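# Structural overview for review
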Amino acid sequence: MRRLFLLAWLILPAFPVFSQNSPSGAPGDNTSYIIPQKIFVGDKGRLVFPLGSAFAGTESAIIQAADLPRSADLVISRVELERRGAATRLLVDFQAYVPGLIVFPPIEIASHVFTGLEVNISSILSMERRGMVLSGPAEPLAAPGTAVMIYGTILGIILLFLSLALGGFWGKTRLSSFAERIRRRRVIRAMGRILKRLRSAGTDKADKNRETLETLSREFRTALGILTGTNCRAMVPREFLTLPALETGYGLSPSALSELFRHCDTLRFSGADIGKEAVFNLLEEFRELTGLLDAAEKDRYHPPWSGGGVE
């Protein structure tokens, strides 16, 4: 008997002690995830937080957009405390309009307050600078009819390559030009969303307006660099006069573009207070320029099957 007691005394400390105490409204950082896995500026997404055993008895609850906090950078459209059997999780549907790390305001639902929620929003312009990398092949499907779909896809690919080889007009150059056009259109649309977000964030504070102009100058120079294939981020206004790709490819006047950036830099570095009206006028000029880029991009395109190709 004494030996059994001694053996138990030696073994018990080797087992961990589990605690059921956890702070209310503080989901574990390692269990949270977003749907989809990568969210860009302006896209809708969902933040999912599986909750611990402390929320096992919590009833389901839903809060709609009218009762949720919102700002120019983040709009929360729906919050749900979902219960599935013994598991409970917090669902937050949102839409962000700025890239980078976004911190959610405190959310109160079913007598619980959740703080410290955050997500990382990607920028389409940053993605274009890094280059797009294709993901690996998906796992084979196990559903009924998978074999038919796989063999049908393989047959379709073979027929497609035969058509390309025999037709002669679907050459490598035209396909790559078509992909390049799609990339340029995405950049122009992303610039339009950024201009809309900067306009909605307008304020009477001079410091905030100066930050707006800095963001406008940086993002627009980056977009022009992607469209022309020239690094425009370090260019001074007069250097845009020697950028022939803008005039030949988009019909834009280099002198007008140079004057627009000169006006923007004058407001940023003059040291004087920047008024809200001046910022709005400048944003309107850049919006018109974005519209000209979009119209020129549409005029440059001719469907490959029409014989014109992409210029």
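Refer to the structure printed above.
## Examining the overall build of the protein chain
Summing up its helical and strand segments, the protein chain has eight helices and nine strands in all. Sorting the 311 residues of the protein chain into buried and exposed places 37% on the buried side. Within the protein chain, contacts between residues at least 6 apart in sequence are counted, and of these 59% link residues at least 24 apart. Total accessible area on the protein chain stands at roughly 19500 Å², and carbon and sulfur atoms take up 58% of it.

## Points about the side chain of T290
Relative to the assigned elements, T290 resides in helix α8 (residues 276-300). Here F286 takes part through its backbone oxygen, which lies 2.9 Å from a polar atom of the side chain of T290. Among all residues touching T290, those that are not within four sequence positions of it are I188, M191, G192, L195 and F220.

## Some details on the sheet that holds strand β4 (residues 74-84)
As summarised here, the arrangement of the five strands in space is β1-β2-β5-β4-β3, forming an open sheet in which the pairing is antiparallel. With one partner strand each, in any of the chains shown, β1 (33-35) and β3 (61-64) form the two edges of the open sheet. Neighbouring strand axes in the sheet, compared pairwise and without regard to direction, differ in orientation by 20° on average. Pairing of β4 with strand β5 (residues 87-96) involves ten bridges; the strand directions are antiparallel. Paired with R78 across the bridge in β5 is D93.

## Concerning the nonpolar core
Of all hydrophobic cores here, the largest spans 36 residues; its most connected members are L216 and L224. Put simply, the parts of the chain that give this core at least two residues each are α2 (124-130), α4 (172-200), α5 (206-228), α6 (244-250), α7 (254-269) and α8. Discounting chain neighbours no more than four positions away, the residues touching L216 are M191, L195, L198, L282, L283 and F286. One finds I39, L51, V92 and L117 within the second-largest nonpolar core, a separate group that totals 27 residues.

## What about the side chain of D93?
Residue placement: D93 occurs in strand β5. Within the structure, the side chain of D93 is placed 2.7 Å from the side chain of R46, a separation counted as a polar contact. If sequence neighbours within four positions are ignored, D93 has contacts with G45, R46, V75, I76, S77 and R78.

## Remarks on the environment of D299
Within the secondary structure, D299 sits in helix α8. Judged by relative accessible area, which is 61%, D299 ranks as exposed. Along the backbone, D299 and Y250 are 49 residues apart, and their C-alpha atoms lie at a distance of 9.1 Å.

## Focus: the packing of aromatic side chains
Under the definition given, this model contains six aromatic pairs. Both rings, one in F55 and one in F114, keep their centres 6.0 Å apart while their planes meet at 25°; by these two values the pair is stacked. Note that F55 is positioned in the loop between β2 (44-51) and β3 and F114 in strand β8 (residues 112-114), a separation of 59 residues in sequence. Here F55 and F114 have matching classes, each one buried. Plain terms: the ring middles of F240 and F261 are 4.6 Å apart, the flat faces sit at 5° to each other, and that makes the pair stacked. One end of the pair, F240, is in the loop between α5 and α6; the other, F261, is in helix α7, and 21 residues separate them in sequence. An aromatic cluster is defined as three or more aromatic residues linked by ring pairs; in this entry it consists of F220, F240, F261 and F286. Across the ring face of F280, the terminal group of R199 is positioned such that the distance to the ring centre comes to 4.8 Å.

Parameters at a glance
Residues numbered from 1 in each chain as written. Predicted model: local features only at pLDDT ≥ 70, side-chain atom pairs only at ≥ 80, totals over all residues. Heavy atoms only, no water. Helix = DSSP H or I, 4+ residues; strand = E, 2+ residues; numbered from the N terminus. Buried < 20%, exposed > 50% of the residue type's maximum accessible area, 1.4 Å probe, protein only. Contact = heavy atoms within 4.5 Å. Areas by Shrake-Rupley, 256 points an atom, 1.4 Å probe, with all protein chains shown as cover. Polar contact = N/O pair within 3.5 Å; in protein donor to acceptor, adjacent residues only side chain to side chain. Pairing = 2+ DSSP bridges. Axes fitted to C-alpha atoms, helices over the stretch in contact; angles between N-to-C directions. Core = buried A, V, L, I, M, F, W, Y, C linked by side-chain atoms within 4.5 Å. Phe/Tyr/Trp six-rings, centres within 6.5 Å; stacked < 30°, edge-to-face > 60°. Lys NZ or Arg CZ within 6 Å of the ring centre and 35° of its normal.

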